[in-house]
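Here's the letter readout for the chains.
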Amino acid sequence: MPDVAERFHDRVRYERTGHVATITYDRPDKLNAIDGAMRDGLNGAFDRLRGDDEAWVGVVTGEGRAFCAGADFTSERNPAGEFPGSYWERPTVNSFESGWEIHKPVIAAVNGLCLGYGLTLVTWCDIVIASDRATFGFPEVKLGVPTIVGALRLPGRIGWQPAMELLLTGETISAARAREIGLALQVVPHDELGPAVDAFAQRLLAGAPLAQRAIKEVARRGPEMSQTDAIRFGETMRRVAGSTEDAKEGGLAAREKRTPRWQGR
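Residues numbered from 1 in each chain as written. Predicted model: local features only at pLDDT ≥ 70, side-chain atom pairs only at ≥ 80, totals over all residues. Heavy atoms only, no water.

Participant: How should I be thinking about the nonpolar core in this particular structure?
Facilitator: Grouped together as the largest cluster of nonpolar side chains are 46 residues, with contacts concentrated most on Phe46, Val110 and Phe136. Take this core: its biggest share by element is 5 residues, from helix H1 (residues 36-51). Each residue touching Phe46, except ones within four places of it in the same chain, is listed here: Ile23, Val60, Phe96, Trp100, Ile102 and Leu121. (Core = buried A, V, L, I, M, F, W, Y, C linked by side-chain atoms within 4.5 Å. Buried < 20%, exposed > 50% of the residue type's maximum accessible area, 1.4 Å probe, protein only. Helix = DSSP H or I, 4+ residues; strand = E, 2+ residues; numbered from the N terminus. Contact = heavy atoms within 4.5 Å.)

What follows is the structure, encoded as structure tokens:
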């Protein structure tokens, strides 16, 4: 049984066992397509992950045979979320997939169909482990609309040509192809997805959680800075993380030749 189990808008589950929190898209009858209520639920669940001090690693997955089929265009409410402002003033960084900053490590456990919004979120995760049944795609171009956040993020993640193949054709690719182009780190037999994700999460838990968050923030922000500014920022983060109790514990454990006991503080 998980230590924490919550539901958000009846479409998203948040469950934490130990220091690993799993967010599950839970609308399997609609292939986990995102409607307005599910958007609210996802935002609530990711906000919970961000603020849960006991959650050191996040996992995102889908219930049923899909990870996420993208936007539900039959929804009465906007799948992108509701926000104030005129047409041109509406904010777009309004979810994890579009750029909310969560510096905890996040694993995408892609269990099936992964399209549109689903793939956008996957490109914001740090590690992607896919079932051999998974498929990936940005079909927006076949609907006459452009992919925006995916177009901004994907080339830097997998390289220009494979990114353009996905974005400009709107075609789906297999899990094997996703691994070949660097979109997925691992592809495993479908029934082994859960154990493979659990094993990788345990590998992450061996690292100091606050140091991991500092590394992720430097990796995200550094490329947007000049080299000098990036190094200065990184050295500042080193000093911040180096002053934590975990940093002291890491040094002590190394001297005593034992496994460190992280506290996340």
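Anyway, onward from the coordinates.
Participant: How should I be thinking about unusual backbone geometry in this particular structure?
Facilitator: Peptide bonds are, in most cases, trans, and in most cases residues other than glycine have a negative phi. One non-glycine residue, Leu31, adopts positive backbone phi at about 55 degrees. Relative to the helices and strands, Leu31 resides in the loop between strand E3 (20-25) and H1. With phi around 60 degrees, Asn32 is a residue other than glycine that occupies positive phi space. By secondary structure assignment, the location of Asn32 is in the loop between E3 and H1.

Participant: I tried to follow the sheet that holds strand E5 (residues 66-68) on my own but got confused; where do I start?
Facilitator: Adjacent strands of a sheet form backbone hydrogen bonds with each other and so pair up, either parallel or antiparallel. One open sheet holds the 4 strands; their spatial order is E5-E7-E9-E10, and the pairing between them is mixed. In this open sheet, the two strands that pair with only one neighbour each are E5 and strand E10 (172-174). Pairwise comparison of adjacent strand axes, ignoring direction, gives a mean angle of 20 degrees for this sheet. When strand E9 (residues 135-137) meets E10, the two strands line up antiparallel, connected through 3 bridges. Within E10, the residue paired with Thr135 across the bridge is Ser174. (Pairing = 2+ DSSP bridges. Axes fitted to C-alpha atoms, helices over the stretch in contact; angles between N-to-C directions.)

Participant: Whenever I open this one, the pairing of E3 confuses me. Can you help?
Facilitator: When a strand is regular, its side chains alternate between the sheet's two faces. Counting buried residues in E3 gives 5 out of 6 residues, a clear majority hidden from the surface. As judged from the 6 bridges shared by strand E2 (residues 12-17) and E3, these two strands associate in the antiparallel manner. Each residue of the ladder has a partner; that of Glu15, found in E3, is Thr22. In this region the chain leaves E3, passes through H1 and returns to the parallel neighbour strand E4 (residues 57-62); the handedness of that crossover is right-handed. (Right-handed = clockwise from strand over helix to strand, strands pointing away.)

Participant: Is there a simple way to explain the pairing of strand E1 (residues 4-8) in this structure?
Facilitator: Bridge count between E1 and E2: 5 bridges; the pairing is antiparallel. Bridging from a neighbouring strand, Glu6 pairs with Tyr14 of E2.

Participant: Explain the packing of helix H7 (residues 209-221) against helix H8 (residues 227-242) to me, please; I cannot follow it from the model alone.
Facilitator: Between H7 and H8, the shortest axis-to-axis distance is 10 Å and the interhelical angle comes to 170 degrees. Considering the angle they form, H7 stands roughly antiparallel to H8. Side by side, H7 and H8 meet where Ala214, Glu217, Val218 and Arg221 of the first sit next to Phe233, Gly234, Met237 and Ala241 of the second. (Parallel < 35°, antiparallel > 145°, perpendicular 65-115°, else oblique.)

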